[in-house]
Each structure stands twice: as C-alpha cells, then as structure tokens.
Amino acid sequence: MAAVGVPQLRPLGDSGVVAEFGGDEISDAANAAVLALRRVLDAEHPPGVVETLPTYRSLLVVFDPLRTTAAAVREALLAAVPRADPSSLPAGRMVELPTAYGGVHGPDLPSLAAEVGLTEQGVVEAHTGREYRVYMLGFSPGFPYMGTLPEVLRVPRLRSPRTYVPQRTVALAGQQTGVYPVASPGGWRLIGRTPLRIYDPGREAPFLLDAGDRVRFVAISEREYDRQAPRDEAPAAPRPPAAPDFVVERGGLWTTVQDVGRPGYRRFGLPQSGAMDPLSLRIANLLLGNPPGAAVLECTAPGPRLVAARRSVVAITGADFSAAVNGRPVPGWTAIPMREGDVLEFGQPRAGQWAYIAVPGGIDVPPALGSRSTYVRAALGGYGGRRLADGDLLACGRRAAGALLRLPADARPPAGGPCTARVVLGPQDSYFTDAAVAALLAQEFSPGMQADRVGYRLDGPRLEHRSGAELLSDGLMPGALQVPSGGQPIAIMADGPTAGGYPKIAAILRADLRLVAQARRGDAIRFRAVGWDEAHLAAREAAAALASLRLERVTD
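Bear in mind the structure is a predicted one, so any value in this text is a computation, not a measurement. (Residues numbered from 1 in each chain as written. Predicted model: local features only at pLDDT ≥ 70, side-chain atom pairs only at ≥ 80, totals over all residues. Heavy atoms only, no water.)

## Details of the overall build of the protein chain
Part 1: Scanning the protein chain from N- to C-terminus turns up 9 helices and 35 strands.
Part 2: Taken along the three principal axes of its C-alpha coordinates, the protein chain extends 75 × 55 × 45 Å.
Part 3: By residue count, 56% of the 556 residues in the protein chain fall in the buried class.
Part 4: Expressed as a percentage of contacts within the protein chain between residues at least 6 apart in sequence, the contacts between residues at least 24 apart total 74%.
Part 5: Accessible surface, the protein chain: about 22,200 Å² in total, of which carbon and sulfur atoms supply 51%.
Part 6: The averaged location of the 56 negative side-chain charges in the protein chain is 3 Å from the averaged location of its 59 positive side-chain charges. (Helix = DSSP H or I, 4+ residues; strand = E, 2+ residues; numbered from the N terminus. Buried < 20%, exposed > 50% of the residue type's maximum accessible area, 1.4 Å probe, protein only. Contact = heavy atoms within 4.5 Å. Areas by Shrake-Rupley, 256 points an atom, 1.4 Å probe, with all protein chains shown as cover. Lys, Arg positive; Asp, Glu negative; His and termini not counted. Charge placed at Lys NZ, Arg CZ, Asp CG, Glu CD.)

This is the structure we're talking about:
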C-alpha cells in the first residue's frame, strides 16, 4: 500500500482529537494507516486516553481533559506515527457470513438486478465473488462498513430511507456493503439476510466484527437460513424484583434508567449513552449520599407516576416539571422522604427538558457492558433495554438513604432558558463559508421539532457549505454540531451515532452540552468559540464547581 504521510490533527470539542489521513475517498492505504496508529495507541496507553474510534480515513482519539491535555494527546499521536507501520498489521480475521438472498429477506434484489442489468443470480454471484474489508463500525452497534463492491453493483442509496430494516439484513449502497445488526431505519438496498448475530450483548464478545477483519458472503437457501436463524430475537423481559420499592403506575413519555454511561465501545458503533444532563444526575445522587454516578430515572414531560411500595426517599433535580407527592408540591434539588403508598407525580413543565429522580443506592437493575444506562435502539441496559411502562416494579440499591440533603437555591445550576454554550470550531469548519461560521457565533438557535436523546436539530440561520455537504463517515461524540445539506445544525446527544457523514462545523464543550440538552423549543441558544486551552480549563472548572457544592441537611 502507498504511504499516506503524517496525519492532520483536528479538534473535536474539549475531549477529542481527530487524526486524519488522506482525502475524502475510500482508500485501503488510509484505512491501514488509521488501524496501524490505533494499534500503537492501544498498546502504549497514553495517559488520559479513554478510547479510540477508527473510521475510513481518520482515528478519533477520545481523552479525559481532567487527566491530560489536548496538547499532550497531540504530542503522543505525532510520536506514535513513526511506529505505526501499516505493513506490520495482521491480515485480519476471515469471517464468512451465510446469507439468504432475495425473497422476504432481500426485497430490493429484483429492482437492483433490473437497474444494473443483471439477473438476480448474477447480483448474488457478484456480491459473493469477492472478499470485503471491514473499514469501520458505526451507525448502530456493530454495523460494519465494508468494501469495496464490484463496479456493477454500485448504486445510490434509496431516495427515501425505510423507517424499518430487520436486524441482520445484508445491504449495499455506493461502494459499500454492510449488515444491519439491530432493527433500525435505513436507506441502503436490502438484498438478503444472514442468520448470524452481528451484535449480541449477551455474548462474551458482543460484536462479531471489528475494523480490519475480512468478510466473505456465502449464499444459502431460505431453508438453510431458517435452520440456522435464532429462534427468539425479542429482548429478555426484565425480572421484577421480589420486594419492589416503587410501582410505576404511569411510565411517562420517555422515562429510562441512566447513569454516567458506558465508555469504551465507540469503536464498535455503540454510543456511551448516559444522562443528558450529567451534572443534575450527579447532584441528585449526592443529595441521598449515593455514589455520584449511581443509576437514576431520567424523564421528560409528561413524567412518570410512581407509588412507594415501602418507606423510601427520592431526590429530584434538573428540569422543573411541577413535582408533587400526594398532590402537594415538593421542592427540587432536595431529598424528599416518602411513606408507603405515597404517590410521586409531575405536572406542568416549567423549565428544562430532562429531570432526574434518584433513590437510595441507585436504581437496582443489572449492569450491561459495564453500565446500567438504557440504550433503547439496541435494547441494552436499564429496565430490559426499554422505557419504563405502566406496571413496572423498581428496586433501590439500598433501603435507606445515606444522607438527606438539599442544594441551596443560589447554588442550583440552570436547567432550561436562554444559554450560551462554548464550542471548539472544527474538525471540518473549513467545509463552511466564512459567513456560516460567523452566523454560528453571532446569531441565535433554538431546539426544533426533532429533539431527542439522539440529537437536537436546531432552528436558526442556514449554515452554508463551501461545496459538498457530505464526507466519508467520520467519528462523532456528543456535542458535535453536524450540518447536513439543509444547513440546519444537529447537536449530537447522548444516544447519538458514533460516526456520521456530514461535516462538523464545531463541537460543544462537555460542561456546556447540558445547557443545550435542557433547552426547550423557543429557548435561545448562542455559541461562543474558544480554543483548546480554554476548553481544557472549562472542564477542570466544572469538576471543581461540582466538588465545591455546598449541601445542607434537610431538617424539616
């Protein structure tokens, strides 16, 4: 493979550095350079580096700004480049994927064959006739971006993506082929289905493929597919606790179990998830004497209705949804004792988007891949991998709170309303006109109709690209501001994809992302650009502010 030289180092917020090789095209040489650099970093473990995410032509290095600096990470990257020899990479595992083509499993096969001028069998032979390289994983947990397809099979995505693609469906688009590991929307052409689980959180190794692996598709009959396919693909129902502490009378619109998330799996396409407002989650736990990262309930309006099955205590932080116990208003940011039969419910939303309900010891659900956070798209973690539903039973980690505390009103962090969020420009701000960058930093934005745990599409001025509005799928983190062709930025949130194909004009600092997450439709959001040094200082100041909170004992 031809050498691709020293990578360009670009920022992604206050905790990411992108090492970019080559141009904006699929290249085996660039991808090999990415994987070689990842191999060196994984072996040497530079201080403060949390994880790495390889993509087609770049390596996203995620670091902890409380343990290192962007400058130190850049230095470690440049020092590793001379030792990152693509020629020393192992060949990669060979994985065969049996696939039933056409019929109910491949509904696009007939139209694809007609479009490219082949018979259906000709398409199958072309697809199975070569070995594919796994360039990266992304889009959804374990989704392999593989290439490159024979010229004859290179067709564009569907003009209108499907809202539902079954898990394990084999698909293609452009130069790429892949497999949908979980049921999801998708715009690729569906040509078959494999009986192999590409992603299975119950396995010791949840992800079947990794970047650098090699894949061959092997055609099988529909009868053979039925013989090999998993018999029960529904997620296991949560086991109700024998002695619940709370009964969920109403689940609310979107109530899930969350903690601070599961780092370390971005390279497999699995987002960290965790709380939309981590500061409010940590404070809720501190009010009860819990570990700061214990699992809590996160909800938006309308919120849940919970009935205490025994004496307990809760603490509610974040958004103000008019919390009440037995119909009487209760304060936020305060430990609230509850007797057996007491009812906690929420009314009119006053401010903010996400509220947090902590209980003694945290919500007691089994951890999944190191976290209790719920990632609904992959049916992972939390309460059976789903939102809470009417009739669910919840148990606390402890029967009694370790403390009963309140946070004074003058120390409570804002949740909702106008805000200014600091951003680091890049990594693709050069893809935008000077006027677009100026508009980002001078004008107001607000959450639009499409705003959830995956991302917030922001209403505001249109941000124009210099030329194209797409690029090879590149690493993403919460806070990244992607801008598709329509020009409206999308702020990636906790459950957002780990990679995406739109340029990122900037990324919001971790300390300020909660401000955007708590903004409601109509709340004005402004952005202010800062450099890497100020971004690093902001992370440390946020940690110091949390450590210095003045908590008072509840005496009434």
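## Observations regarding the nonpolar core
Part 1: Membership of the largest hydrophobic core comes to 46 residues, with the highest contact counts inside it found for Y456, L481, I505, I508 and F527.
Part 2: Beyond its immediate chain neighbours, meaning those up to four positions away, L481 contacts V423, L440, L458, I490, A491, P503, K504, I505, A506, A507, I508 and F527.
Part 3: Grouped together as the second largest cluster of nonpolar side chains are 35 residues, V155, V170, I191 and L369 included. (Core = buried A, V, L, I, M, F, W, Y, C linked by side-chain atoms within 4.5 Å.)

## Things to note about the pattern of salt bridges
Part 1: Inspection of the entire model under this criterion finds 34 salt bridges.
Part 2: Residue E249 pairs with R305 through a salt bridge whose shortest N-O separation is 2.5 Å. Note that E249 is positioned in strand β14 (residues 246-250) and R305 in strand β17 (residues 305-308), a separation of 56 residues in sequence.
Part 3: Classification of E249 by relative accessible area gives partly exposed; the value is 39%.
Part 4: The closest approach of N and O atoms between R305 and E345, which form a salt bridge, is 2.6 Å. (Salt bridge = Lys/Arg side-chain N within 4 Å of Asp/Glu carboxyl O.)

## Remarks on the packing of aromatic side chains
Part 1: Scanning the entire structure with this criterion turns up 13 aromatic pairs.
Part 2: Taking 5.2 Å as the distance between ring centres and 80° as the angle between the ring planes, the aromatic pair formed by F143 and Y180 counts as edge-to-face. Here the residue F143 occupies a position in the loop between β6 (132-137) and β7 (144-147), and Y180 occupies one in strand β10 (residues 176-180), the gap between them amounting to 37 residues.
Part 3: Ring geometry for Y145 and W188: centres 5.9 Å apart, planes at 75°, overall edge-to-face. Of this pair, Y145 sits in strand β7 while W188 sits in the loop between β11 (184-186) and β12 (189-193), and the two are 43 residues apart along the sequence.
Part 4: A connected cluster of aromatic rings, assembled from ring pairs, spans Y56, Y135, F139, F143, Y145, Y180 and W188.
Part 5: In this structure, R377 is placed above the aromatic ring of F139, and the distance from its NZ or CZ to the ring centre is 4.7 Å. (Phe/Tyr/Trp six-rings, centres within 6.5 Å; stacked < 30°, edge-to-face > 60°. Lys NZ or Arg CZ within 6 Å of the ring centre and 35° of its normal.)

## A short note on helix α8 (residues 510-517)
Part 1: Of all 8 residues making up α8, 6 are buried, and the element is well covered by its neighbours.
Part 2: Looking only at α8, the buried set comprises D512, L513, R514, L515, V516 and A517.

## Examining the pairing of strand β33 (residues 504-508)
Part 1: For β33, the buried fraction is high: 5 of the 5 residues fall into the buried class.
Part 2: Pairing of strand β26 (residues 419-425) with β33 involves 3 bridges; the strand directions are antiparallel. Of the residues in β33, the one forming a bridge with L425 is A506.
Part 3: One ladder, built from 3 bridges, connects strand β30 (residues 480-482) with β33; its direction is antiparallel. The residue of β33 that forms the bridge with L481 is A506. (Pairing = 2+ DSSP bridges.)

## Focus on unusual backbone geometry
Part 1: Along the chain, A301 connects to P302 via a cis peptide bond; the corresponding omega equals -5°.
Part 2: The residue P302 is located in the loop between β16 (296-299) and β17 in this model.
Part 3: For the bond running from G426 to P427, omega is 10°, close enough to zero to count as cis.
Part 4: Positive phi is not limited to glycine here, since S273 has a value of about 60°.
Part 5: Within the secondary structure, S273 is located in the loop between β15 (256-258) and α6 (278-286).
Part 6: If you check the backbone angles, S322 has positive phi at about 55° while not being a glycine.

## Description of the sheet that holds strand β19 (residues 324-325)
Part 1: Taking strand neighbours across the sheet as the criterion, the 6 strands line up as β20-β19-β22-β17-β14-β24 in an open arrangement whose pairing is antiparallel. Looking at the sheet topology across the chains shown, the edges are occupied by β20 (328-329) and β24 (393-394).
Part 2: Sheet analysis places β14 next to β24, joined by 2 bridges and oriented antiparallel. The residue of β24 that forms the bridge with F246 is L394.

## Some remarks on helix α9 (residues 532-547)
Residue pairs spaced three or four apart in an α-helix point in one direction, given the helix's 3.6 residues per turn.
Part 1: Taking 1.5 Å of rise per residue, the 16 residues of α9 would be expected to cover 22 Å, and the 23 Å separating its terminal C-alpha atoms lies within 8% of that figure.
Part 2: Taken together, the buried positions of α9 are W532, A535, H536, A538 and A539. What you see down the axis of α9 is that its buried residues fit within an arc of 155°, all on one side. Residues D533 and A547 are exposed on α9 and point more than 90 degrees away from its buried face.
Part 3: Among the structural elements, β1 (8-11), β2 (16-20), α2 (70-80), β26 and α8 are those in contact with the buried residues of α9. (Expected span 1.5 Å × (residues − 1). Arc of directions from axis to C-beta.)

## Description of the side chain of T55
Part 1: Position of T55 relative to the elements: it lies in the loop between β3 (49-54) and β4 (58-63).
Part 2: In this structure T55 comes out as buried when scored by relative accessible area, which is 1%.
Part 3: A polar contact of 2.7 Å, which involves the side chain of T55, links it to the side chain of S58.
Part 4: The contact partners of T55, leaving out residues within four places of it in the chain, are N31, V34, Y135, M136, S473, D474 and G475. (Polar contact = N/O pair within 3.5 Å; in protein donor to acceptor, adjacent residues only side chain to side chain.)

## Focus on the pairing of β10
Part 1: Most of β10 is tucked away, with 5 of its 5 residues classed as buried.
Part 2: Neither face of β10 is open: one carries Q176, G178 and Y180, the other T177 and V179, and all of them are buried.
Part 3: Here β7 runs beside β10; their pairing, made up of 2 bridges, is antiparallel. Bridge pairing links G147 to Q176 in β10.
Part 4: Here strand β9 (residues 169-173) pairs with β10 via 5 bridges, running antiparallel. The residue bridging V170 from the neighbouring strand is V179, located in β10.
Part 5: Between β9 and β10, which follow one another and run antiparallel, lie 2 residues, and G174 among them has a positive phi close to 60°.

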